[in-house]
Structures are given as C-alpha cells and as structure tokens.
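Working through the structure, step by step
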Amino acid sequence: MSGTVRVRIAPSPTGPLHIGTARTALFNALYARRHGGTYIVRVEDTDTARSTTAFEADILEGLRWLGLEGDEGVVVGGERGTHGPYRQSARTTRYAEVARQLLDAGKAYHCFCTPEALEAERAAREAAKLPPRYSNRCRSIAPGEAATRRAAGEPAALRFRIPDGPVVIDDLVRGRVEIDAATLGGDLVILRADGSPLYHFTVVVDDVDMGITHVIRGEDHLSNTPKHILLFEALGAPLPRFAHLPLILNADRTKMSKRKSQTALADYRAEGFIQEALINFLALLGWSTGSEDEVLSVGELEGRFDLDHVQRGGAVFDRARLEWLNGQWIRRLEPADLAARLRPFYDAAAADGRLGRPAGDGEIAALLPLIRERIQLLSAAVELTDFLFVAAPAVDPALLVPKRWDAATALAALEAARPILERGIGEGDPLLLEAEDPTEAALRGLAEERGWKAGDLFMALRVAVTGRTATPPLFDSMRLLGRAATLARLDAAAARLRG
RNA sequence: GGCGCGUUCGUCUAGCGGCCUAGGACACUGCCCUCUCAAGGCAGAGACCACGGGUUCGAAUCCCGUACGCGCUACCA
C-alpha cells in the first residue's frame, strides 16, 4: 500500500478565480476523495506586485461555493492543517533557508548579471537564431569571490545549477516524457536579487514540506516539470507522481483566456449557473466516466473518478452544454432549495428597478412550478415572471392582435373574456396546474361560439396581461397575478385597442 | 527558432486489434405533445477516426514519418 494521497491546488491571487483553476481544483479534490486523501489549498502569492487580498478572497469564496474548500490550507477566514503556513508570502524564511542549503551544497550560486546584461545576451542569441538560454557564466565565479562581492553590496540573484542529461517524467496521463536538461534555458533563478523566491522554487519547496504525493495540474506546466524534478532531486526529496491535464480552450482552440472567453467563475455564478452544474460540466471537460452517463452529482463523480480516463487533447469550453446541464440541475433541486437560490436574483432585480417591488417568499414559492421547467439560468426566472411584480407591463399594441385577427376582433375578444375571468379568477387563487380548469373551459367555449381559434384568444389575453408572447401557462399566470390586476390589464389593453 | 504535447461528428466524448458499415450527449432540423414558451418523447442530418506508410488474417485502436494545432521557452505564476 502506498502512502496516503495528498494533493493540492495552488492558485495565484493575481486575478479572480479562473474557470481553469476551478477545474484543476475539482480534479484534485475528486482524486483525493476517491482515494481517501487530503486536498490542500495553497496560495501562491510570491508575485507581490500583482497579488491582492481581494483576488484571494474571490478565489477562496469561489472554491467554497463550488464545494471545493481545502481539507487543509487556506480557507475563507483563515488556515487549517499542520503543514502550514499555506500562504507563500508567509514562508519566505523557509525559502531562504532551503536556498541557503542549496548554496552551501554547491547546487546553487550567486549570479551578478544585471537585467540589462541578461537582456543583451538574450537579444544576441536571438539575432544568431539560437534559442534563448542563460549562458551560466556566473557559475565560474569562485564562492569566495562571490561572497566578497555580496558583502560589498553588489546585488545578486541565486541560480540553481541545472545538471546535464535527460530528465524523465513518468506522467500519469501522458506516459513517459523525456526532456533534455540542456533545453531548459540554463541555470534557473530561484531567488531574485532582492531575495524574494520564484515560482519554480517555491512550488517544489512547498510540495516537499506539505508532503504532496500527486501533482495534478494543467498541461501548460508539463514543459516546466523537469525543472521541478531536478529541484526535488537536489533537495533529496522523494518525487511526487505527476498528472498533466488537458487545457481548457477558447473556441479557436487556444488556451482559454479572459480575452476570448468568460473565465471568471464569479461571472458564471452571477448569471445564475449553479454549483452542481458547474461541477458536473467541469468534471466532464477532459475526463469521462467511460460510460454514457452525463448528468452526475459530485458524489457520483467522487465514486468514479480516475486518472486513466483523462483525455489528452485540449477541450473547448462549450457554454451551450453548460447551460443544458444547468437546466438539468435546476430541475433536480428541491423546491425550497431552488427558491432560496432564486432569492438573490429577485432582490437584485428589485434593487435595480427591473421589478417594481421586491418578491415575497410566498410569491417565489408559488411561481416555482411555473418556471422550473422553463429556465436554464436562475437569472432567467426574473424575466419570465417580471409581469407579476410591475405595476403595469409595457404592452406593444401590435402584439395584442394575433396574426389571423384584426384589431376589432382582438378588442371584442378582450371584452368578451372579461366577465369570464372576473368570475373565474379570484384573488390569490392556488394554481390549477394539470387540473381541470373551468375558466379555461369557459373561454374555449367562447372561442368556439365566435369562431375563433382558442390559441388566438389565449395569445391576445397573454399579451394583454403579461406584455409578452412567451410566458408561463396563461391561467396559472393570471391566478398568481390576481383578479384585480388581471382585469385592470385587460381594460388597459382594451383601451389601447380602442385608441 | 528550440523543446514538449496533441489530433474520433460543429462541440464534449465512448472506443484501449475483430462486438465499429464508429456509440452517447450538447447544439441543429423535423415530428409528437401543447394556450405561447419550455420541459419531455420520437426521428434525422452530422466523423472516410488529420494525412501517408508500415505490422497483422484483421487497425480508430500497435509502430514510423508528415502536416497542422497548441503549450512552454522571465530576476510572472
């Protein structure tokens, strides 16, 4: 039996939670849960210029919303676990300590090259059509001399000595990948001249300290993995297993980017995508169960997840498919749950004026059955039912007259229907969904009597009452609206037809 | 430029030598249901499995090459 699985997701708070980060987090969490392991959230904020606490909060909050809060690591409001600190900005002394070990062991050295000198070197190589690569020229500076220059105050970065030879990655997704260390670009800077540590170094130190057993991340890191492997070896640490996931792609098949796609998780949430659908969708982006099942809960995903079925080619983010899944999951929610998730959308609409007044809890509960089957996004519920919460809907007179009719017919229809509705629609009637409806029957009788298509009559009434041609079922809508409002809208529409 | 990875319907994918004249899902089209819109049901169109060579009695599945695409190539992460 191998040791307990420990995996991690290491977001960098230089932007809001990215859909790709969420997917990587999910795969790590699924892997950990499947194997009874531990899933860790580590914040990689060594780039102090671009990292912000606001982004960190967005990321942690987003992960929590997805149900992907770490078992260990940084969580909303703090940290948990015994391998911390889990924020790289709090680990600088540790990095300095490990860097010192490398220096003392002769595996790292001070580099006095100035940024300008490095830039010139790079330009020269490019002009000569050679791949960019550091010359390793400071390797030859004797340790004593380096110490003297350092003591004199000359700034120096610390470079890790890249050994010669091939590096083999035994990837759980891609198999054996061999890369020659000579193509890695020369000795690697691990500490900037100001002493701050760089990414490739911190990841490895952290993965070692945190006992990471499996590194599951995007394919964009595959080319950098040899650097990490060499660092693990230099530190005398056991190698974790690596698994590189296919990239999530823009429609043009380039790596998904903010520029070409909607990448912020929070934006999807704000649109009314729900957590269950996002999880389901993301899990199936680059992985499959090997079966034909498509709608899967996180529990089912946990039970089935494995790295064997991870796809190797990149996967285009298909929003239409996400929307379909969202509709599937909305329909699977318990009514009370759906109502609670709808609440903020109605509140927001009331606040910004899209609705004339706030929606009551009872009202949302009542309209649930009308919209449940009709929305793919939570936000769409508001548009479908806004007629219930406005004083008077804006009615386009042209829509009031069904195609086969003229204005006079429409007016006659509204007038004839009025007494039937006045009798049939009460204030606060319960819905009649699926049941035998005497009001509907009466109106059908009226239509037959006058030689109208019932559908035309209903459409005229629909537009008069809601202002729209696509709405939830007409009679249930009118009952929810109530008798007074229904009749008032009928009268208003009739007045427009007369005028 | 160098190095690496990848390539099955528009998209997500099943497939791990014969069950494939390639299956499912989304999207699309039509029909049914129906007061509109949905949801649901049924049907259809859609992939010569990137291309070219091998290996094999037999290849989408194994090997080699080519093309194309993507990623990486910082004192960013």
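Residues numbered from 1 in each chain as written. Chains lettered and ligands numbered in written order. Predicted model: local features only at pLDDT ≥ 70, side-chain atom pairs only at ≥ 80, totals over all residues. Heavy atoms only, no water.

1. Points about the nonpolar core
Selection criterion: Only buried residues count toward a nonpolar core. Its members are Ala, Val, Leu, Ile, Met, Phe, Trp, Tyr and Cys residues joined through side-chain atoms within 4.5 Å. Think of it in three bands: residues with accessible area under 20% of the maximum for their type are buried, residues over 50% are exposed, and the middle band is partly exposed, with areas taken using a 1.4 Å probe on protein chains only. The numbering of helices and of strands both runs from the N terminus, where a helix is a DSSP run of H or I of at least 4 residues and a strand a run of E of at least 2. Note on definitions: a residue-residue contact is assigned when non-hydrogen atoms from the two residues lie within 4.5 Å.
Ranked by internal contacts, the top residues of the largest apolar core, which has 143 residues, are Tyr39, Phe317, Tyr346 and Leu443. If one sorts the elements of this core by residue count, helix H1 (residues 19–34) sits on top with nine residues. Look past the residues within four positions of tyrosine 39 in its chain and what remains in contact with it is Val7, Ile9, Ala25, Asn28, Ala29, Ala32, Leu63, Leu68, Glu69, Gly70, Asp71 and Glu72. In this structure, Tyr134, Cys138, Ile141 and Ala156 belong to the second largest nonpolar core, which totals ten residues.

2. Looking at unusual backbone geometry
A cis amide bond, omega 0 degrees, links glycine 84 with the succeeding residue proline 85. If you trace the backbone, proline 85 turns up in the loop between strand S4 (78–80) and helix H3 (92–104). The residue lysine 129 is not glycine, and still its phi comes out positive at about 60 degrees. Positionally, lysine 129 belongs in the loop between helix H4 (115–127) and helix H5 (143–151).

3. So, the environment of glycine 84
On the secondary structure map, glycine 84 appears in the loop between S4 and H3. Separated by twelve residues in the primary sequence, glycine 84 and glutamate 72 place their C-alpha atoms 8.8 Å from one another.

4. A few points about the protein's contact with RNA strand B
Cut-off, in case you're wondering: Here a residue is considered near a molecule or strand provided that any single heavy atom belonging to it is located within 4 Å of it. Under the rule applied, a polar contact is a pair of N or O atoms within 3.5 Å (in protein, one hydrogen donor and one hydrogen acceptor; residues adjacent in sequence only if both atoms are side-chain atoms). Polarity classes work like this: nonpolar for Ala, Val, Leu, Ile, Met, Phe, Trp, Tyr, Cys and Pro, charged for Asp, Glu, Lys and Arg, and polar for all others, with Gly in that last group.
The environment of RNA strand B is formed by 67 residues, the closest being Asp47, Arg192, Gly286, Glu373 and Arg444. Considering RNA strand B, the proportion of its atoms within 4 Å of the protein that are sugar or phosphate atoms stands at 73%. At a separation of 2.7 Å, a phosphate oxygen of RNA strand B approaches a polar side-chain atom of lysine 255. Taking leucine 284, its main chain carries an N or O atom lying 3.0 Å from a sugar or linking oxygen of RNA strand B. Contributions of two or more residues to the surface near RNA strand B are made by H4, strand S6 (157–160), strand S8 (175–180), helix H6 (199–209), strand S13 (315–316), helix H11 (319–332), helix H17 (438–450) and helix H18 (454–466). Looking at the surface near RNA strand B, the element that brings in the most residues is H11, giving five residues. Class assignment of the residues belonging to the surface near RNA strand B gives a composition of 25 nonpolar, 18 polar and 24 charged.

5. Observations concerning the side chain of arginine 8
Examined against the element boundaries, arginine 8 turns out to sit in strand S1 (residues 6–9). Within the structure, the side chain of arginine 8 is placed 2.8 Å from the side chain of aspartate 207, a separation counted as a polar contact. Apart from residues lying up to four places away in sequence, arginine 8 is in contact with Asn28, Ile40, Arg42, Val203, Asp207, Ile212, Val215, Ile216 and Arg217.

6. Re the pattern of salt bridges
Let me state the cut-off plainly: One side-chain nitrogen of Lys or Arg within 4 Å of one carboxyl oxygen of Asp or Glu is enough to make a salt bridge.
Under the counting rule described, the total for this entry stands at 44 salt bridges. In this structure, arginine 149 and glutamate 154 form a salt bridge, with 2.8 Å as the shortest nitrogen-oxygen distance. Accessibility expressed as a relative area gives 24% for arginine 149, which makes it partly exposed.

7. Focus: the environment of serine 291
Structurally, serine 291 is set in the loop between helix H9 (275–283) and helix H10 (298–304). Residue serine 291 is classed as partly exposed on the basis of its relative accessible area of 35%. Within the structure, the side chain of serine 291 is placed 3.2 Å from the side chain of aspartate 293, a separation counted as a polar contact. A distance of 3.3 Å separates a polar atom in the side chain of serine 291 from a polar atom in the side chain of arginine 304.

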